[in-house]
Amino acid sequence: MIITFPDITVEITNSVMRALSKFEQNSGCHEAGGILLGKYIPEEEYYLISEITEPNSYDQVGPLYFIRNCQSAQKTIEKRWEESRGIVNYLGEWHTHSVKNPIPSTTDRKLLVQIVEERSNVWRHIFMIILGTNKTFYLGVADCKHRGKIIRETVRRY
C-alpha cells in the first residue's frame, strides 16, 4: 500500500499489513504493539515500512494501553541495522485500538514528541500506525522540524 502526502510518500508492504492484521483488537482484549522498521530514500522523500516487531512477554499491556519494552526493541533495531548494512532502521511505533476509526490519544501524541526529543529516530519523519477494527488503520507522520508533532495523518482500510 502506497500513501502519498504532499511532501512524502510512505509505502507499507503487504507483508506488514498481513502481520498487523493478526493483532486486530476485539473489544475487552488487550492492546498489542511494537515498532516499525524500514528504509528511507532521501532523494525521493520515500519511506518504506517493511517490517514490524510483534508483542512479547516483556511488554506491558491492558485493554487501553500498550507499553513496549525498550531494551527488547533496541536489540532488534541494532540487529536489523547491522544485518542490512545500515539500510534498515527504526521508523516508528504501531499499536492497536478497539475502535473502527482509530485516532491517536494524547499519550500517543506525547510519545512521538518524546521520540523526537530523545533523538530516538535517525530520519526526519517518524510514523505511528494504529490498527483499528474492521480492517482500518491510522497512519500519522510526525516531523522533527515540528518537534514531533503530527503533520500528516490518514485513516484507511486495508
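Up top is the structure.
No experiment lies behind these values; they were computed from the predicted model shown.

(A) Main features of the packing of aromatic side chains. Evaluation of the coordinates by the stated rule reveals 5 aromatic pairs. In this structure an aromatic cluster arises from ring pairing among Tyr40, Tyr47, Trp123 and Phe127.

(B) Representation of the environment of Gln74 in the model. Within the secondary structure, Gln74 sits in helix H2 (residues 70-83). Between the C-alpha atom of Gln74 and that of Lys100, which follows or precedes it by 26 residues, the distance is 31 Å.

(C) Just the sheet that holds strand E7 (residues 89-96), in detail. Read from one edge to the other, the open sheet built from 8 strands follows the order E1-E2-E4-E3-E7-E8-E9-E10, with strand pairing classed as mixed. Taken across any chain shown, the strands that pair with only one partner, and hence form the sheet edges, are strand E1 (2-4) and strand E10 (149-157). Each strand of the sheet is rotated relative to its neighbour by a mean of 25°, with strand direction disregarded. The sheet contact formed by strand E3 (residues 33-41) and strand E4 (residues 46-52) spans 6 bridges and is antiparallel.

(D) Molecular detail of H2. With 14 residues, H2 should reach 20 Å at 1.5 Å per residue; the first-to-last C-alpha distance of 20 Å fits that figure. For H2, every residue scored as buried is listed here: Ala73, Ile77 and Arg80. Down the axis, H2 shows its buried residues gathered within 70° of arc, on one side only. Of the residues in H2, the exposed ones pointing more than 90 degrees away from the buried face are Gln71, Lys75, Lys79 and Glu82. Each element contacted by the buried residues of H2 is listed here: E3, E4 and E7. Taking the backbone nitrogen of Gln71 as reference, a side-chain oxygen 3.2 Å away marks Asn69 as the first, capping residue of H2.

(E) Region of the structure containing the layout of surface pockets. Of the pockets and cavities examined, the largest pocket occupies roughly 770 Å³. Around the largest pocket, the lining is made up of 34 residues, and of these Phe66, Ile67, Arg68, Glu93 and Leu111 lie nearest the centre. For the lining of the largest pocket, the secondary-structure elements that each account for two or more residues are strand E6 (65-67), H2, E7 and helix H3 (106-117). Looking at side-chain class alone, the lining of the largest pocket contains 16 nonpolar, 11 polar and 7 charged residues.

(F) Highlighting the environment of Thr107. For Thr107, the position within the fold is in helix H3. With relative accessibility at 59%, the residue Thr107 sits in the exposed group. For the pair Thr107 and Ile151, spaced 44 residues apart in sequence, the C-alpha to C-alpha distance is 17 Å.

(G) Broad picture of the pairing of E3. Burial analysis of E3 places 7 of its 9 residues in the buried class, which makes it a mostly covered element. Taken together, E3 and the strand that follows it, E4, pair antiparallel across an intervening segment of 4 residues, in which Glu45 is found at a positive phi of about 50°.

(H) Representation of the pattern of salt bridges within the structure. Following the criterion strictly, the structure yields 8 salt bridges and no others. Among the ionic pairs, Arg109 bridges to Glu153, the shortest N-O distance being 3.8 Å. Residue Arg109 is located in helix H3, and its partner Glu153 is located in strand E10; the two are separated by 44 residues in the primary sequence. Of the residues examined, Glu153 reaches a relative accessible area of 44% and is grouped as partly exposed. Between Arg124 and Asp143 there is a salt bridge whose closest N-O contact spans 2.7 Å.

Definitions and limits used
- Residues numbered from 1 in each chain as written.
- Predicted model: local features only at pLDDT ≥ 70, side-chain atom pairs only at ≥ 80, totals over all residues.
- Heavy atoms only, no water.
- Phe/Tyr/Trp six-rings, centres within 6.5 Å; stacked < 30°, edge-to-face > 60°.
- Helix = DSSP H or I, 4+ residues; strand = E, 2+ residues; numbered from the N terminus.
- Pairing = 2+ DSSP bridges.
- Axes fitted to C-alpha atoms, helices over the stretch in contact; angles between N-to-C directions.
- Expected span 1.5 Å × (residues − 1).
- Buried < 20%, exposed > 50% of the residue type's maximum accessible area, 1.4 Å probe, protein only.
- Arc of directions from axis to C-beta.
- Contact = heavy atoms within 4.5 Å.
- Polar contact = N/O pair within 3.5 Å; in protein donor to acceptor, adjacent residues only side chain to side chain.
- 1 Å grid on protein atoms, 1.4 Å probe; cavity = no way out; pocket = protein on both sides within 12 Å on 5 of 7 lines; lining within 4 Å.
- Points joined across faces, edges and corners; volume = space filled by probe spheres on them.
- Nonpolar A, V, L, I, M, F, W, Y, C, P; charged D, E, K, R; others polar.
- Salt bridge = Lys/Arg side-chain N within 4 Å of Asp/Glu carboxyl O.

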